[in-house]
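# Descriptive analysis of the structure
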Amino acid sequence: MKNRKYDLAAFMMAVLVGAAVLFGCGEPSGAVSKEEPLTVYLWENSLIKNLVPYIHEQLPDQDIEFIVGNNDTDLYSYMEEHGELPDVITVRRFSGTDAQDLQPYLMDFCGYDVVSRYYSYALQYYKNSDNEIQWLPVCGLPQTIIANKTLFDQYGIKIPSNYQEYAEACQQFYENGIKPYSLDLAEDWSAHEVIQAGAIGEFTSLDGIEWRSGAETSSREVKFDDGLWKRIFSETSRFLKDSHLGKDDILVNADIAYQTFVEGKAAMFHGYPALMQQLQTQMDAKLICIPYFSQTSEEAFVYMTPSLNIAFNKDLEKDQEKLETALDVLDCMISEEGQRLIANGRCVISLNTNVPTMMQDISGLEDEMKSNSIYIRYSAQKSFPASLEAIHGLLSGEMDEAQAYDAFRSAMNAEDTEEKAVVNFDREYSIALNDKNGRDAASSILTTVRVENNAQLAIAPYYYFTASIYRGECTSSRVALMTAKSSDTSLYFAKINGEQVWKLVENYLDPTEDEFSITNKYELPILSGMKITVQKEENGFLLKDIAVDQEKIDKEKEYSILLTDDTRSILEKTTPGCRIKRLPDMTLSSAWTAFMEKGQQPLAPEDYIEVEK
């Protein structure tokens, strides 16, 4: 059994074998405990589709259950309150402040050699008030300005290399009737970005680093350095004005901003490299990345968003086999291929010293990457709505810089209003597999939504359901956490005959199906209004029977069926021309939450699946 505890010998060994783990996650360290699988929660379903098959391939003999969670640490606080904190948890939006409720229950990585493989700048904000590292960033994505170089060349405008040149370029485009910067300031994440990227020199200064460290470990009120933050809002205001962003931009959402740039009506946009590559296929123009420039020096920085932050349940240290498996999973994630899959592309900032940064396809950031001029965004949950309020106040003219700072500070330190319970669950249903390989909580949710929408049948991937239904009072926000908000899906209604239902389910289970990779019992679908019997095959599952109302499905009879985004796409392939109606203004999460807000009980789970031995 490997010992992952960090000591000098382990560090020297890590240096010697570093090349061996460059492209993979190494040899598995033994099978997980047979009593229960290792439970790994991934914050959105693209990780299930991209990353999970790779981990299973690397660790084929390990019993690991991957479930989609939410990009919100409150989900895990809710689960911990009911004694069900998963073994491994992940989020994207993360700050130490948001995760403090979980601090007593999470493992400290400082005692393990994995921390020796991280650049120091990557961990500087991850130490808590007890000097522990309970969360690790796995890799990062550069969020940059995307410039239409063809448009710059057309108007003879220089690609900026510092802030003064950026402001001059914006002025020149404005004078030529071209919007300098198309920015989706109706979205909270863009308002959040403007404050940190516009004043990035302040956030990367010694004062900014000191404030950030204090904010990340604050247990109650976040203390603000007035001198620092007055400069931050002064520079934020200047950035908005120099970019010629004004009152009208308050209403510009992501779709409008994107289209404005695609049509060549704006010189600059923003986004990750994958978005730039997507834009490049739509535009007859050369696009390049531009870093964010300090207003106080000639420095420039890459604004980086961690793709995934990970933590381990402290109880893993009581089960050495499970802990070794969890560390193997982490090794897979931080390998070169793992990072590539997490970031969904080649343009990845590696935070590991033994894995090269994968920025081969991106020009314009070479100097910043070489000097590690990288700023990891601050992303406390409250900082997003606080940023939106402050930026909209500046853009509308209703706030000056001082008032915007006051509004931001007040919003960051506002006491959470006590949310009233909307439902009192009288029974409990588990998200874990039952004896027949169904998930009772998921079945209850899907059946409730199906019946509410007058459909006879329903089918959905397992990864839209996140948590158990616990007995007792529950608030609306926590009801919503029982479905995957980060990967929410629209709902669709169709009428098909029994033979088409069979083809739909059969195709879903097909191991060669592009959309899915169903190789183990944990990945089987959730169904309602029907029961399927499947047989485990070497590479997946074979459909043996479908029953409706305890009788074999009638191949000629017409059935109404409720679908999600993924199951709709399969139906379109198996039954071309089938009329599929999208339910307006409704998603799985909103439909489930709205029904529970009526105070009614969810419907009982169904016996919807059986795996033949």
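Residues numbered from 1 in each chain as written. Predicted model: local features only at pLDDT ≥ 70, side-chain atom pairs only at ≥ 80, totals over all residues. Heavy atoms only, no water.

### Some points on the overall build of the protein
Inclusion rule: Counting from the N terminus, the helices are DSSP H or I runs at least four residues long and the strands are E runs at least two residues long. Just to be clear, the radius of gyration here is over C-alpha atoms, and the globule rule we use is 2.2 Å times residues to the power 0.38. The rule is simple: take the accessible area with a 1.4 Å probe, protein chains only, and divide by the maximum for that residue type; under 20% is buried, over 50% is exposed, in between is partly exposed. Residue contacts are defined here by distance: any two heavy atoms, one from each residue, within 4.5 Å place the two residues in contact. Method for areas: the Shrake-Rupley scheme with a 1.4 Å probe, in which residue coverage is limited to the protein chains shown. For this count, His and the chain ends are skipped, Lys and Arg are scored as positive, and Asp and Glu as negative. Charge placement uses NZ in Lys and CZ in Arg. For Asp and Glu, CG and CD serve respectively.
Looking only at helices and strands, one finds 23 helices and 24 strands in the protein. At 25 Å, the protein has a C-alpha radius of gyration in line with the 25 Å of a compact globule built from 613 residues. Over its C-alpha atoms, taken along the principal directions, the protein stretches across nearly 75 × 60 × 50 Å. The buried share of the protein, taken over its 613 residues, is 58%. Taking contacts inside the protein between residues at least 6 apart in sequence as the whole, the part at least 24 apart equals 78%. Carbon together with sulfur atoms contributes 46% to the accessible area of the protein, which is approximately 25,600 Å² in total. The averaged location of the 98 negative side-chain charges in the protein is 3 Å from the averaged location of its 55 positive side-chain charges.

### Describing the packing of aromatic side chains
Let me state the cut-off plainly: Note on aromatic pairs: the rings of Phe, Tyr and Trp (six-membered ring only in Trp) are paired at centre separations within 6.5 Å, and the planes decide the class, stacked below 30 degrees, edge-to-face beyond 60, tilted for the rest. We call a charge positioned above a ring when the Lys NZ or Arg CZ atom is no farther than 6 Å from the ring centre and deviates by at most 35 degrees from the ring normal.
This model, assessed by the stated rule, comprises 30 aromatic pairs. On the numbers, 5.0 Å between centres and 70° between planes, the contact of Trp211 with Trp229 is edge-to-face. Note that Trp211 is positioned in helix H10 (residues 206-217) and Trp229 in helix H11 (residues 226-242), a separation of 18 residues in sequence. By relative accessible area, Trp229 is classed as buried at 1%. With a centroid separation of 5.1 Å and 20° between ring planes, the pair formed by Trp229 and Phe408 is classed as stacked. Of this pair, Trp229 sits in helix H11 while Phe408 sits in helix H18 (residues 401-412), and the two are 179 residues apart along the sequence. In this structure an aromatic cluster arises from ring pairing among Phe203, Trp211, Phe224, Trp229, Phe233, Tyr292, Tyr303, Tyr375, Tyr378, Tyr405 and Phe408. One residue, Arg212, lies across the ring of Tyr125, its end atom 3.9 Å from the ring centre. The ring of Tyr405 has Arg409 sitting right over it, with the charged end atom 4.6 Å from the ring centre.

### Re the sheet that holds strand E20 (residues 541-548)
What counts, and what does not: Strand pairing follows a simple DSSP-based rule, namely that at least 2 bridges must link the two strands. Lines fitted to the C-alpha atoms define the axes, with helices restricted to the stretch that makes contact. Angles between their N-to-C directions range from 0 to 180 degrees.
The sheet built from four strands is open, its strands ordered E21-E20-E19-E24 with mixed pairing. Of all the strands in the sheet, just strand E21 (551-552) and strand E24 (609-612) have a single pairing partner and so form its edges. In this sheet, E21 lies alongside E20 in antiparallel orientation, the contact comprising two bridges. Paired with Ala547 across the bridge in E21 is Lys552. Taken strand by strand, helix H21 (residues 498-509) contacts strand E19 (531-536) and E20, and its axis lies near 150° from that of E20.

### A look at the side chain of Ser77
Counting through the fold element by element, Ser77 comes out in helix H4 (residues 73-81). Look at Ser77 and you get buried, because its relative accessible area is 6%. Dropping the residues within four chain positions of it, Ser77 is found in contact with Asp101, Leu102 and Arg478.

### Structural notes on helix H19 (residues 440-452)
Heads up, the condition is: In a helix, the anticipated span is given by 1.5 Å times the number of residues less one.
Helix length check: H19, at 13 residues, gives a terminal C-alpha distance of 18 Å against a target of 18 Å (1.5 Å per residue), a fit within 8%. Residues Ala441, Ala442, Ser443, Ser444, Ile445, Leu446, Thr447, Thr448, Val449 and Arg450 constitute the buried set of H19. Buried-residue contacts for H19 involve strand E15 (457-460), strand E17 (490-497), strand E18 (526-528), strand E22 (558-563) and helix H23 (588-596). One or two steps after H19, the chain reaches Asn454, where phi turns positive at roughly 55°.

### Some thoughts on the side chain of Ser350
Tracing the sequence through the fold places Ser350 in strand E12 (residues 349-350). Not counting residues up to four positions away in its chain, the partners in contact with Ser350 are Tyr119, Tyr121, Gln339, Val355, Pro356 and Thr357.

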